[in-house]
Protein chains: 2
Amino acid sequence: MKNFLWLTLFCATTLTSQQTDEKQIRAIYDMALTEGKAYDWLNYLSNQIGGRLSGSVQAQQAVDYTRTQLDSMGLDRVWLQPVMVPKWVRGTPEFAYIETRPGITTNVPITALGGSVATPSSGIKANVVEVNGIEDLELLGQEKIKGKIVFFNRPMDPTLINTFQSYSGCVDQRYSGAAEAAKYGALGVIVRSMNLRLDDYPHTGSMGYGDTPVNQRIPAAAISTNGAELLSTTLQLNPEVTFYFKQNCKQYEDVESYNVIAEIRGTTYPSEIMVVGGHLDSWDLGDGSHDDGAGVVQSMDVLRLIKASGYKPQRTLRVVLFMNEENGLRGGNRYAEVARQKNENHVFALESDAGGFTPRGFSFDCDDANWTMVSKWKTLFEPYLIHQFVRGGSGADIGPLKDQGLLLAGLRPDSQRYFDHHHAANDTFEHVNKRELELGAATMASLVYLIDKYGVVPQQKIKG
Amino acid sequence: MKNFLWLTLFCATTLTSQQTDEKQIRAIYDMALTEGKAYDWLNYLSNQIGGRLSGSVQAQQAVDYTRTQLDSMGLDRVWLQPVMVPKWVRGTPEFAYIETRPGITTNVPITALGGSVATPSSGIKANVVEVNGIEDLELLGQEKIKGKIVFFNRPMDPTLINTFQSYSGCVDQRYSGAAEAAKYGALGVIVRSMNLRLDDYPHTGSMGYGDTPVNQRIPAAAISTNGAELLSTTLQLNPEVTFYFKQNCKQYEDVESYNVIAEIRGTTYPSEIMVVGGHLDSWDLGDGSHDDGAGVVQSMDVLRLIKASGYKPQRTLRVVLFMNEENGLRGGNRYAEVARQKNENHVFALESDAGGFTPRGFSFDCDDANWTMVSKWKTLFEPYLIHQFVRGGSGADIGPLKDQGLLLAGLRPDSQRYFDHHHAANDTFEHVNKRELELGAATMASLVYLIDKYGVVPQQKIKG
């Protein structure tokens with residue numbers, strides 16, 4: 001009988017606790033869907049400011065705007081964290097054509113890759129060698145590459161359901177293609193855009209020269225998927241066609257910029273820090289609505305939703321709007337560095353940097369004990385059609401915190417449309433749906449609530 | 001030892017069977033994503049034909065086009081099933097304004113509801129009484145309604161995660177508002193569009209007069225959500241404002257149209273029929289890409305994918321492109337009627353009529369035994385991020401088959417954006433994503449494969 005009583009009491013307590021959680025999460029979703037602020041903020045970031053490349057006037061405007069908005073929210077502290085960022089400038093619009101016979105040309109849409117050097121002012125014109133990836137370079141050798149433009153044309157694999165996996169399978173061409181092709185004497189590099197659709201938008205993105213000496217760096221540009229198909233078909237008909245491209249982008253000295261940070265101080269464990277964030281910088285072609293305006297405004301709304309719901313976090317809840325994810329990750333690295341210097345105790349970090357689409361779940365980068373804990377919360381999310389709890393991966397900006405042994409997570413929205421817009425001129429506000437954006441913010445806020453309420457299982461720090 | 005051997009053999013068999021299923025489903029998805037036909041078909045239906053209201057030239061063109069395409073697929077049989085359908089015609093564009101003072105007017109976007117009568121040729125101008133639903137009419141009574149325009153302004157509930165539930169909570173205003181308001185002497189009815197966004201698109205949809213005598217029928221139109229907000233705010237400031245609207249839509253005599261049907265004959269149980277379908281008709285404002293061009297082309301692609309994958313269905317697999325779902329359901333009713341007349345044995349029917357968005361799962365309308373069976377297949381769909389198996393609901397067109405005791409199912413795509421486009425001028429091709437559409441077709445084909453392979457548990461016929 002005693003046991004039975006105990007069981008009854010236990011069940012009652014458990015039920016109450018679960019009911020409290022259900023109620024709190026319902027309140028968060030209701031607020032997000034009826035009085036969310038994320039969409040209005042995104043409207044301003046996208047339509048009043050626009051693309052926010054690190055070091056640009058727009059990036060600074062975004063710092064000022066989000067700081068002002070956070071200041072108005074009655075949080076415990078709002079501040080800017082200085083960080084030096086690279087400043088790369090696209091210059092005048094790029095220009096390219098395929099020349100099938102002397103004077104017979106077809107223009108194709110290209111965009112310089114972020115970090116690329118310019119072409120000579122008269123452009124580059126050369127024969128083209130098409131490859132299916134970096135590994136083809138060695139097979140072809142210097143003889144077939146020297147003096148030519150290398151055309152990396154491996155498409156994203158359409159059969160992968162998670163389009164981020166398709167992206168991972170191609171992006172080495174964009175990031176390292178120029179550095180690798182230069183070793184074989186290529187004059188320049190053209191990369192098929194990381195896009196699953198056939199369209200006319202070239203998609204930019206970061207590239208690096210590694211240890212290639214400055215005088216051996218060759219220019220690199222992305223070509224639209226339709227342009228890539230045309231170039232490939234043309235080459236099959238006539239391997240002797242030439243390609244011309246011209247770009248006058250430039251890398252300047254680093255400039256000072258900022259991570260924008262705000263926090264609600266924890267009532268019980270103020271030294272335990274939970275971070276939610278996205279990155280404030282974007283590429284310059286569109287207005288960066290999905291990448292990562294969405295993550296920025298969702299993260300800001302997490303704090304607003306938690307506060308407006310009347311929940312008082314036991315732990316310190318901090319929003320970090322990271323600068324320079326796209327071409328340097330300086331903001332993420334700087335934030336982690338300062339945290340280490342100050343001996344801050346980060347227990348949790350959650351990033352939204354996969355677009356403002358319908359949220360499907362989370363990825364968790366954590367040990368077994370924490371995975372067991374978070375897995376139990378899955379049922380709390382099912383009424384909101386959040387079904388996907390997967391292990392591995394979180395977000396680029398919070399990655400540098402990993403060695404501090406915290407629980408890392410990433411919001412996982414539906415990925416089907418993401419690469420239609422990613423880093424291209426059509427990453428714009430009208431492609432973000434208000435409800436989908438708000439559901440993402442509510443999903444993040446609900447996880448933050450649960451983490452705060454139940455704490456995390458201490459994990460081993462990876463180093464220092 | 002004997003038991004152990006038996007268990008081992010059993011497990012081996014089970015594993016092999018599951019592996020076969022996994023392989024077959026993977027093949028279906030791969031084909032859909034690399035060589036799907038659905039998007040091309042939809043392009044034709046949407047951009048070469050356009051809106052396909054029952055009885056229109058475009059509806060007939062859609063019958064001809066889909067029949068020709070099915071004819072070219074090498075199926076066992078393709079035919080047209082005649083059905084008489086209503087022919088309602090919108091006429092010249094509707095026109096409406098709010099008049100705050102004599103001569104001071106603001107135009108607002110409206111669209112006649114399908115089936116509505118016209119206004120007098122000079123339009124209707126009257127004071128407005130705003131209500132929050134049909135139940136308000138009785139409270140107000142004839143005194144406050146007679147001689148006025150009733151403005152039904154209950155919005156869709158934004159806090160429901162499944163937007164079809166929000167729609168269900170409002171659509172009685174559109175369907176029955178005019179018939180109910182007429183009882184209290186209203187002159188006409190304006191209904192807030194069934195749309196969760198604030199924008200300028202009025203959304204049409206079917207309405208009915210029930211047993212209202214012909215001479216007492218009043219015209220009904222939908223107003224855009226922005227228009228509804230404006231009208232409501234204006235009424236709050238001045239309850240004496242007048243509203244003017246004019247529409248010259250007309251109901252003609254029924255005309256002959258067709259369900260388009262094609263089948264692959266079953267190898268082992270040809271008399272057991274599995275149906276996949278969508279509806280060929282659409283509203284006239286947009287091109288009906290999501291509602292229900294998507295369902296039509298996905299259903300057609302199910303047969304193509306099954307055939308191309310080399311799988312030979314044991315049961316007869318039939319695609320039915322139903323006519324007149326939007327304003328009569330004549331196609332669905334006719335199909336079920338003929339099936340009964342011919343004593344056909346339908347074991348399964350699956351409809352796609354919820355938009356061409358990322359598939360999230362299925363709804364199943366079936367008994368416990370079949371629910372247990374299909375629930376076991378959930379893990380087979382999880383690699384494709386199909387997580388939602390719910391009970392209840394399938395599709396309007398296949399509903400009339402229900403009394404034949406078959407397993408009914410509906411494809412459940414992500415619903416967040418659906419009502420942004422539903423029945424409005426922006427239900428157009430560019431809002432359908434190719435991959436999302438293809439994933440839906442593959443998801444349907446995979447379920448058809450499993451149903452065919454494992455059969456269904458016989459259910460009790462409801463009647464007849």
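The rules behind each value
- Per chain, residues are indexed from 1 in the order of the written sequence.
- For naming, the first written chain is A and the first written ligand is 1, with later ones following in the order written.
- Two thresholds apply to this predicted model, a pLDDT of at least 70 for residue-level local features and 80 or more for giving and counting side-chain atom pairs, whereas whole-chain, interface and lining totals are computed over all residues.
- Pairs of strands are assigned from DSSP output, requiring at least two bridges between the strands.
- Runs of H or I in DSSP of at least four residues are treated as helices and runs of E of at least two as strands, each being numbered from the N terminus.
- Orientation is described by lines fitted to C-alpha atoms, with helices fitted over the stretch in contact, and by angles between N-to-C directions that extend from 0 to 180 degrees.
- We call two residues in contact when their backbone-placed C-beta atoms lie within 7 Å.
- An angle counts as roughly parallel when it lies under 35 degrees, as roughly antiparallel when it exceeds 145, as roughly perpendicular when it falls between 65 and 115, and as oblique in every other case.
- Crossing handedness: left-handed means the near helix sits turned counterclockwise from the far one by under a right angle, and right-handed means the same turn made clockwise.
- Residue polarity follows a fixed list, in which Ala, Val, Leu, Ile, Met, Phe, Trp, Tyr, Cys and Pro are nonpolar, Asp, Glu, Lys and Arg are charged, and the others, Gly among them, are polar.
- The source of the domain bounds is an automatic or database domain assignment.
- Least-squares superposition of the copies uses the C-alpha atoms of those residues scoring a pLDDT of at least 70 in each of them.

Asker: Help me get a handle on the sheet that holds strand 9 (residues 242-246) of chain A, residues and values and all.
Answerer: Residues and elements named next belong to chain A. Read from one edge to the other, the open sheet built from eight strands follows the order 3-2-9-5-6-7-8-4, with strand pairing classed as mixed. The sheet is open, and its two borders are formed by strand 3 (104-107) and strand 4 (110-112), each paired with just one other strand. Averaged over all neighbouring strand pairs, the angle between strand axes comes to 35 degrees, with direction disregarded. Pairing between strand 4 and strand 8 (residues 220-223): three bridges, direction antiparallel. Of the residues in strand 8, the one forming a bridge with Ile 110 is Ile 223. Here helix 6 (residues 171-182) sits on the sheet in contact with strand 6 (149-152), strand 7 (188-192) and strand 8, set at roughly 155 degrees to strand 7.

Asker: Summarise the sheet that holds strand 10 (residues 250-264) of chain A; cite the residues concerned and give the values.
Answerer: All names here are of chain A. Taken together, the eight strands give an open sheet; going across it, the order is 1-10-12-11-13-16-14-15, and neighbouring strands pair in mixed fashion. Where the open sheet ends on each side, the last strands, each with one partner, are strand 1 (77-89) and strand 15 (388-391). Taken over all neighbouring pairs, the strand axes of this sheet differ in orientation by 20 degrees on average, direction set aside. Looking at chain direction, strand 11 (residues 269-279) and strand 12 (residues 315-322) are connected through eight bridges and run parallel. What sits directly across from Val 276, in strand 12, is Val 319. Along the sheet, helix 8 (residues 289-308) makes contact with strand 10, strand 11, strand 12 and strand 13 (345-351), crossing strand 11 at roughly 145 degrees. Packing against the sheet, helix 10 (residues 368-375) makes contact with strand 14 (359-365), strand 15 and strand 16 (407-413), and its axis sits at approximately 180 degrees to strand 15.

Asker: Provide a residue-level description of the packing of helix 8 of chain A against helix 13 (residues 434-454) of chain A, including the pertinent values.
Answerer: All names here are of chain A. The contact between helix 8 and helix 13 brings their axes to 8 Å, and the two run at 50 degrees. With respect to helix 13, the axis of helix 8 lies oblique. Read as a crossing pair, helix 8 and helix 13 show a hand that is right-handed. From helix 8, Ala 294, Gln 298, Asp 301, Val 302, Leu 305 and Ile 306 reach across to helix 13, where they touch Leu 437, Gly 440, Ala 441, Ala 442, Met 444, Ala 445, Val 448 and Tyr 449. Taken together, the residues that form the contact of helix 8 with helix 13 break down as 11 nonpolar, two polar and one charged.

Asker: Provide a residue-level description of the domain arrangement of chain A, including the pertinent values.
Answerer: Residue and element names in this part refer to chain A. Once the domains are mapped, chain A shows domain 1 (23-88 + 253-454) and domain 2 (91-248). When each unit is reduced to the centre of its C-alpha atoms, the spacing between domain 1 and domain 2 is 33 Å. Across the boundary between the two partners, domain 1 contributes 15 residues, which contact 18 residues of domain 2. Broken down by element, the residue count for the side of domain 1 that touches domain 2 peaks at three residues, all from helix 12 (residues 418-421). For the side of domain 1 that touches domain 2, a count of residues per class yields seven nonpolar, six polar and two charged.

Asker: For the relation of the copies chain A and chain B, give the residues involved together with the corresponding values.
Answerer: The two copies are related by a screw operation: chain A maps onto chain B through 180 degrees of rotation and 0.0 Å of translation along the axis, at an RMSD of 0.0 Å. Look at the turn and shift together and you get a two-fold axis relating the two. Taking C-alpha positions as the reference, the residue of chain A nearest the rotation axis is A:His387, at 3.3 Å. Most of the interface of chain A is mirrored in chain B, where 100% of its interface residues are also at the interface.

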